[in-house]
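Examination of the molecular architecture
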Amino acid sequence: MTIPQIKKKMLEYQDFYGGDFINSDEIKNAKTLDDLKEITEKHRHFMENMLSDANAHLDNFKREIGIY
């Protein structure tokens, strides 16, 4: 695929949770495949952080209700 084709696909992409890439301007302004790869890795880290936050929230709730 060409860079413009990849950008188009990335702008249409929805992740497992139904979310788009965090910053579409970064995709639009990307010049290289490495730039686009970096954007996908940033999104991976964003999703990992969301999971970590969700787990911490659940753990706090379990502690609050005394079932930890």
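These lines cover the structure that appears in this document, whether it is placed above or below. (Residues numbered from 1 in each chain as written. Predicted model: local features only at pLDDT ≥ 70, side-chain atom pairs only at ≥ 80, totals over all residues. Heavy atoms only, no water.)

1. Comments concerning the packing of helix α1 (residues 3–12) against helix α3 (residues 33–65)
With their axes 10 Å apart at the nearest point, α1 and α3 run at an angle of 15° to one another. It follows that α1 is roughly parallel to α3 by the angle criterion. Once α1 is placed against α3, the crossing between them reads as left-handed. Contacts from Ile3, Ile6, Lys7 and Met10 in α1 reach Leu33, Leu36, Ile39 and Thr40 in α3. Residues belonging to the contact of α1 with α3 are distributed by class as follows: six nonpolar, one polar and one charged. (Axes fitted to C-alpha atoms, helices over the stretch in contact; angles between N-to-C directions. Helix = DSSP H or I, 4+ residues; strand = E, 2+ residues; numbered from the N terminus. Parallel < 35°, antiparallel > 145°, perpendicular 65-115°, else oblique. Left-handed = near helix turned anticlockwise from the far one by under 90°. Contact = heavy atoms within 4.5 Å. Nonpolar A, V, L, I, M, F, W, Y, C, P; charged D, E, K, R; others polar.)

2. Description of α3
Compared with the 48 Å implied by 1.5 Å per residue over 33 residues, the 48 Å span of α3 between its first and last C-alpha is a close match. Along α3, the positions that sit buried rather than exposed are Leu36, Ile39 and His43. Structurally, α3 contributes buried residues whose contacts are with α1 and α2 (24–29). Backbone geometry just after α3 places Gly66 at a positive phi near 80°. (Expected span 1.5 Å × (residues − 1). Buried < 20%, exposed > 50% of the residue type's maximum accessible area, 1.4 Å probe, protein only.)

3. Details of the packing of aromatic side chains
For the structure shown, the criterion picks out two aromatic pairs. For the ring pair Tyr13 and Phe21, a centre distance of 5.1 Å and an interplane angle of 35° mean the geometry is tilted. Here Tyr13 falls in the partly exposed class, since its relative accessible area comes to 37%. With a centroid separation of 5.3 Å and 90° between ring planes, the pair formed by Phe16 and Tyr17 is classed as edge-to-face. (Phe/Tyr/Trp six-rings, centres within 6.5 Å; stacked < 30°, edge-to-face > 60°.)

Structural measurements only, silent on function.
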